[in-house]
Each structure stands twice: as C-alpha cells, then as structure tokens.
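The primary structure of each chain is shown beneath.
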Amino acid sequence: MRGVPIVIGYAIRESVRRRVFIVVLVLTAAFLGLYGLGADKAFEEAQGVAPPTEAVLAGLDSTELTGATLFGLSMFGTLFLGTVLAAFLTLGVVRGDAERGLLQPLVVRPIGRPTLLFARFLAAALVCGLYVLTVFGGALLITWATGDWVPDRIVAPAIQLAAGVAVIAAISLLGSVFLTTTANGIAVFMIFGAGLVAGLLGQIGEVLESDTLTRVAEISSWVLPFEALYQDGLNAITADSTGLTEFALQLGPFGGAQAAGGFLWPWTLTYLLLVCGAATAAFARKDL
Amino acid sequence: MAAAFTARGLVKRYGPVTALAGVDLDVEEGELVGLLGPNGAGKSTLVKIGCGLVRASAGEARVRGARAGSAEARAAMGYLAELFRFPGWYAADELLHLHQRLAGSAGGEAERAELLDLVGLADARGRRIEQMSKGMQQRLGIAQALVGSPPFLFLDEPTSALDPAGRRTVRRLLEELRRRGVAVLLNSHLLSEIELVCDRVAILAGGQLVAEGRPSELARPRGVEVDVNGGTRLFAGARRDDAPRIVAELVAGGEQVFGVRVLETTLEEIYLEAVGEESGP
C-alpha cells in the first residue's frame, strides 16, 4: 500500500491539469451564477404571490416550497456536474491510458495493479467529493442569501451526493477496464440517465399509484445506488416538512425524494467494494 | 545465482493467433542480449510477458528467479516500452522523482541528475515533457527505466525515435550498463546496433526462436579476400585459419600481397537466412 499516496498524488495532479477540469469549473461558475439569478427571481416572485387560504390552512409554506424545489434543482445540477467530472477523470484509466502508453510505465513498477487501481479510485472520489461538497455549499449559501431558506438537513445530503458521485467514479473505473474511452463515457452517461429515468418513473408511479412502476424505480435505484443516495438526500432536505408542502415537494421535477432507510449506507459501501473488486479482478487479468 | 531472465516453453495465444509458440531464452547476469525478428514475430509479446504486462498462455518467465509480474520481479527490472507516453505537464526531473518513489529508490536528486546526464538530458531537467522532442522523450524513457539501478532491463525499441547522434548516446549508455554489470534484453530492428553492442543474439520468427548465439558463433565463413598486384582475389570457402597458407602460397608464386580480409556472413545475412528473405527486419 506504499504506492497509494504516490498514485493519489499523481492522479490528483493529472485531474487538475486536464482541460476538462477547467471546463467543469467554468460550467460550475455558470451554473451557480444562473442558479443565483433564478433563485433570487423565484423567491421574489413567491413572496409576491399569496397562496389560496385553503392551501395555507393545509400547511403550504411558499418559501419552503420554493427553497426546497430550487435546492432540489441545485442538487440535481451538482450531481450531474459531479458525474461529468467523475466520468472524465476515470473513463480512460485502464484501457484508455494503456492505449496511449501512459499506463505501462506505472504498472511495471513494484506497487501492484490493485494498488494502482484503488489509488486511482480514491483520487477520483476525493477530487469529485470535494467538488460536490463545494458546489453543494455554494448553492446552499446562494439559497440562504436569496430566500433566507436553509434545508432541514445539510450534512447528510451533502455527503450522500458526494458518495453518489464516488459510486459513478467506481462504475466508470470498472468500465475503463473493458471499454475504450469514448465507449466508456457513453456507457457511464447512459447509466446515469438510467438512474435518473428510474427516479422519474418512481415519481410517476407514486402519482398514478402504480405499484409496478414504483417497484421498478426502487429496484433500479438500488442497482444504481447513486440514485438512491440522491433520492434520500433530496428527501433529507425537507425531512421536517409536513402538510401540503410535503405533498407538493414530492411532485418535484427532479426525481422523487425517497427515504432509503438504514440499509443505504451499508449497501453503498458493499456496492463500492463489489464494483472496485470486480475492476481489480478484471484489471489483474488484463493484457496491456 | 539465478539468471537475469529466463523463459521456458513460453506460449502466448491471442484467440486463434499464436504470438509465441514455446520460447526458451536465458539472459545471464551482466549480459546484453539482442532480440531480433520481423514484425509480428512475438518480440514485444515476449518482453511484455517478462514485464508482467501480458500473461503467458503456457510456460513461465522469471526475472532473477522471481515469477515475471510478481512484485519481486518488478523490483528487479526496468522497462522501456515500445510505445509509451509520459504526462506532458511533468518536467523531466519530476517524472524521474515520481518513478523513484514508485520504485522505492532512495537515490534522490543525485540519482536523477546522474541519469539525466547519462542520457544527455542534463540541460533539460526542468523542461516539461510536452516541450521535448520525441527523441528527448525516448531518452527520458531510458532514464526512467534505469531509476533504482535495476540489475535487469527490458528495452523495447529504445532507439526507434532517435537520430544518429541519439543512437550513439544509447550505444554508449548500453556499453556503460555492461560495464556496470546490468543485464539487458534489447528488442530492436536495427541490426547494426545489435551487432555493435550485444553479447548474444536471439532471433524470433513466427513466435519461435529460430537462431540464438553470439554473433561470431552464428556467422559462417564466406572466404578469404586478398588484395594482390592484379586486383582482389577471393578464396571462397576458406576460413581464417587458411589465411596464412594462402598468403604464403601467393607470395611464393611471386604475387605481392597488399591486404587480407577474412569474410564472414553479416548479422543481416544471418538474420535473413533465419527469418526468410521476404521478411523485412
């Protein structure tokens, strides 16, 4: 394991040198800028609209509804940007780097393939995790500054988003053992899209009271736990909401918020171990 | 003591294609062995199995007694790949520092400076790799392979991107390695280079070892050529031992002798005979 910190340092340095990192930073700045503008206008509009008396009596808090909906949007944006970063940092780690001749000089060193792959995963998870936490924090500050609203839970959803992106990094790393860089990138974004669709299906299933759709969404979100983490995080930001506000938030546009329960973290860790283990086993047998 | 490198019955199949069909090869400690063969002969596959980059389908390869690909084997060897690339943002010195850390070398700055000097890059230690020519990168690759002073080196086409001056630098480097007792398996298409520096030559064709030995052992006599008054006379089939007798007879016959050359097959001829005339090196 002596090589882990060395490879992490190498990978982090490689990450911040990549053009994609600059692109992600620019996109992030644009996203937060637009989010700030949108949040400011949305809160302003929400304050100017008086909800019907029945709605107020039923427990509709327009500020909370606006804040939670906007922050849910920011969480989705953060997850998406984190996914872009995770994918681009890991999609060519094995086959891509081997085809470019970058991998062989490292692999022949006495650190071992498992160490190399594990360190690459840790580096990607670290970079993406810090990125997600930063963007999450930025969106949180903007929401608070523009609408004086903060989520009911802050730490747990932030960590869940970071963990979700780590899961995507692990999937991308596994894909990089088998697929070319381009093919792996396409596969990762299709998987991400599948998770998103599963969330939306679940939401539709709840509205239509379709057990089948809800079940499909549940299974999908556990097969792709980044979606379960996202849904649970989304649920956590309005954990204390009640009444009509709670109901209205469940109809939000970015996938249904769902409490995943206590099994989520053990499953996420197991999933990461399984995916990283599969990647390590495949990499160990791969001819370079 | 175990040989620097041994291959026994090495077989590698890529689906229906057999890249290596049972190769036996030894590289003794301190020995420079040149690996020759046409494209697709299995040279790079053999080297990659030795480095642990490719798994053999059958047989075994060992580096200083340790199974090829094991941590012990990798700690005892250096490798320059045929196709390699280093991250462009690294300076030459930084790259060597990274490999020192990966190899567990305690050589520090002194080792890095010595290696860069050895490959003629002493003035480029702070230069980024992306600002280097291909030849400079190749020489840096050789320096990288030497990090940690490994007792055995796999060099896969180390001079493919070098100009004549660069090739001479590498030849001198190989001579220096011989002086230091480092064993080398040198895979190259350049016959002249192999002939100049290698103790022994192994020729692969179709995944099999078709010739092996010292260049002098592989060479066959072609005759003795003598410069006399009337021009040059060739005594076909004569050997080195026959030269004094031939000269004595010519002198006795009234000829004036100006020069005598013992002719042997060149490495190129040996190579072409071994792999077939139609195969280019």
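Source: prediction; values computed, not measured.

A.B. asks: Which residues make up the overall build of chain A, and what are the values?
C.D. replies: Secondary structure summary: chain A contains 13 helices and zero strands in total. Along chain A, helices and strands appear, N-terminal first, in the series α-α-α-α-α-α-α-α-α-α-α-α-α. Taking 2.2 N^0.38 as the reference for a compact globule, 288 residues should give roughly 19 Å; the C-alpha atoms of chain A span a radius of gyration of 20 Å, in line with that estimate. A principal-axis box enclosing the C-alpha atoms of chain A has dimensions of 70 × 40 × 30 Å. Residue burial in chain A is summarised as follows: out of 288 residues, 50% are buried. For chain A, the proportion of contacts with a sequence separation of at least 24, taken over those separated by at least 6, is 82%.

A.B. asks: Run through the sheet that holds strand β9 (residues 200–205) of chain B, naming residues and quoting values.
C.D. replies: Residue and element names in this part refer to chain B. With mixed pairing, the six strands of this open sheet are ordered in space as β6-β7-β8-β3-β9-β10. Pairing within the sheet leaves two strands with one partner each, and these edge strands are β6 (77–80) and β10 (208–213). Sheet twist, expressed as the mean angle between neighbouring strand axes with direction ignored, is 15°. Pairing of β6 with strand β7 (residues 152–156) involves four bridges; the strand directions are parallel. Residue pairing across strands places Tyr 79 opposite Phe 154, the latter belonging to β7. Sitting on the sheet, helix α1 (residues 43–51) is in contact with β3 (32–36), β6, β7, β8 (183–187) and β9, with an inclination near 145° to β7. Strands in contact with helix α10 (residues 267–275) are β3, β9 and β10; relative to β9, the strand with the most contacts, it is inclined by about 30°.

A.B. asks: Got a sec to walk through the packing of helix α7 (residues 113–147) of chain A against helix α13 (residues 264–284) of chain A? Specific residues and values, please.
C.D. replies: Residue and element names in this part refer to chain A. Two elements in contact, α7 and α13, have axes whose closest approach is 9 Å; the angle formed by their N-to-C orientations is 140°. Here α13 runs oblique to α7, going by the angle between their axes. Regarding α7 and α13, the two cross each other, and that crossing is right-handed. On α13, the residues touching Arg 113, Pro 114, Leu 117, Phe 118 and Phe 121 of α7 are Cys 276, Ala 279, Thr 280, Phe 283 and Ala 284.

A.B. asks: How would you sum up the domain arrangement of chain B? Please name residues and give values.
C.D. replies: For an interface, size is often stated in terms of accessible area lost upon the parts coming together. Each assigned domain of chain B is listed with its residue range as follows: domain 1 (5–215) and domain 2 (221–264). Averaged C-alpha coordinates put domain 1 of chain B and domain 2 of chain B at centres separated by 43 Å.

A.B. asks: Explain the packing of helix α2 (residues 19–48) of chain A against helix α4 (residues 62–90) of chain A residue by residue, including any values.
C.D. replies: Residues and elements named next belong to chain A. In the contact formed by α2 and α4, the axes pass within 11 Å of each other and the chain directions differ by 170°. Relative to α4, α2 is oriented roughly antiparallel. Facing α2, whose interface residues are Val 20, Val 24, Leu 27, Thr 28, Phe 31, Tyr 35, Ala 39, Ala 42, Phe 43 and Ala 46, α4 presents Ser 62, Thr 63, Thr 66, Leu 70, Ser 74, Gly 77, Leu 81, Val 84, Leu 85 and Phe 88. Grouping the constituent residues of the contact of α2 with α4 by class yields 14 nonpolar, six polar and no charged.

A.B. asks: Residue-level account of the nonpolar core, with values.
C.D. replies: Core analysis: the biggest nonpolar cluster contains 163 residues, and A:Ala124, A:Cys128, A:Val165, A:Ile168, A:Ala169 and B:Val184 have the highest contact counts within it. Ranked by residue count, the leading element in this core is α7(A), at 18 residues. In contact with B:Val184, other than residues within four places in its own chain, are B:Leu32, B:Leu153, B:Leu155, B:Leu174 and B:Leu177.

A.B. asks: Go over the interface of chain A and chain B, please, and point to the residues and values.
C.D. replies: The interface is formed by 20 residues belonging to chain A together with 22 residues belonging to chain B. Elements represented by at least two residues in the side of chain A that touches chain B include exactly α1 (3–17) and α6 (104–107) of chain A. Here the side of chain A that touches chain B takes five residues from α1(A), the largest share from any one element.

A.B. asks: Quick rundown of the pairing of β9(B)? Include the residues and the values.
C.D. replies: Residues and elements named next belong to chain B. In this structure, β3 lies alongside β9, joined through four bridges in parallel fashion. Among the inter-strand pairings, Gly 34 is bridged to a residue of β9, identified as Val 201. Of the strand pairs in this sheet, β9 and β10 are connected by five bridges, and their pairing is antiparallel. The residue bridging Leu 204 from the neighbouring strand is Leu 209, located in β10. Where β9 folds back on β10, the antiparallel hairpin that results is connected by two residues, among which Gly 206 adopts a positive phi of roughly 60°.

A.B. asks: Please give an account of the environment of B:Glu255 that cites residues and values.
C.D. replies: All names here are of chain B. Relative to the elements of secondary structure, Glu 255 occurs in the loop between α9 (243–252) and β13 (257–264). Through-space distance from the C-alpha of Glu 255 to that of Asp 227 is 9.8 Å; in sequence the pair is 28 residues apart. Setting aside residues up to four positions removed in sequence, Glu 255 forms contacts with Val 228, Asn 229 and Leu 250.

A.B. asks: I'd like a rundown of helix α6 (residues 164–180) of chain B, residues and numbers included.
C.D. replies: Three- or four-residue spacings in an α-helix give side chains the same orientation, since the helix completes a turn every 3.6 residues. Compared with the 24 Å implied by 1.5 Å per residue over 17 residues, the 24 Å span of α6(B) between its first and last C-alpha is a close match. Buried residues in α6(B) make contact with β3, α4 (108–118), α5 (134–145), β8 and α7 (191–197) of chain B.

A.B. asks: Would you mind going over α1(A) in detail, with residue names and values included?
C.D. replies: The terminal C-alpha atoms of α1(A) lie 21 Å apart, and with 15 residues this matches the ideal 21 Å at 1.5 Å per residue to within 8%. What α1(A) keeps buried is the set A:Gly3, A:Ile6, A:Val7, A:Tyr10, A:Ala11, A:Glu14 and A:Ser15. Tucked into the core, α1(A) has its buried residues touching α2, α4 and α7 of chain A together with α3 (92–103) of chain B.

A.B. asks: Now, about unusual backbone geometry: what can you tell me, with residues and values included?
C.D. replies: Despite not being glycine, A:Glu209 has its phi angle at roughly 55°, a positive value. Position of A:Glu209 among the secondary structure elements: in the loop between α9 (181–208) and α10 (211–223).

A.B. asks: Break down the sheet that holds strand β1 (residues 5–14) of chain B for me, citing the residues and quoting the values.
C.D. replies: Adjacent strands of a sheet pair through backbone hydrogen bonds, lying either parallel or antiparallel. Residue and element names in this part refer to chain B. Pairing is antiparallel across the open sheet formed by four strands, whose spatial order is β2-β1-β4-β5. In this open sheet, the two edge strands, each paired with only one partner strand, are β2 (17–27) and β5 (66–67). Strand direction decides the pairing type here: β1 and β2, joined by eight bridges, are antiparallel. Counted as the bridge partner of Thr 6 is Asp 26 from β2. In the packing of α1 onto the sheet, the strands contacted are β1, β2 and β4 (58–63), and the crossing angle to β1 comes to about 115°.

A.B. asks: Lay out the confidence of the model for chain B in plain terms, naming residues and giving numbers.
C.D. replies: The predicted model of chain B averages 89 in pLDDT, with 98% of residues at 70 or higher. As scored by the predictor, the complex reaches a pTM of 0.83 and an ipTM of 0.80.

A.B. asks: Would you mind going over the environment of B:Glu264 in detail, with residue names and values included?
C.D. replies: Residue and element names in this part refer to chain B. Looking at the secondary structure, you find Glu 264 in strand β13. Residues Glu 264 and Gly 237 lie 27 residues apart in sequence; the distance between their C-alpha atoms is 9.9 Å. The residues contacting Glu 264, other than those within four sequence positions of it, are Ala 219, Arg 220, Pro 221 and Arg 222.

Calculation rules
Residues numbered from 1 in each chain as written. Chains lettered and ligands numbered in written order. Predicted model: local features only at pLDDT ≥ 70, side-chain atom pairs only at ≥ 80, totals over all residues. Helix = DSSP H or I, 4+ residues; strand = E, 2+ residues; numbered from the N terminus. Rg over C-alpha atoms; globule rule 2.2 N^0.38 Å. Buried ≥ 20, exposed ≤ 12 C-beta atoms within 10 Å, placed from the backbone. Contact = placed C-beta atoms within 7 Å. Pairing = 2+ DSSP bridges. Axes fitted to C-alpha atoms, helices over the stretch in contact; angles between N-to-C directions. Parallel < 35°, antiparallel > 145°, perpendicular 65-115°, else oblique. Left-handed = near helix turned anticlockwise from the far one by under 90°. Domains from an automatic or database assignment. Nonpolar A, V, L, I, M, F, W, Y, C, P; charged D, E, K, R; others polar. Core = buried A, V, L, I, M, F, W, Y, C linked by C-beta atoms within 7 Å. Expected span 1.5 Å × (residues − 1). pLDDT = per-residue confidence, 0-100.

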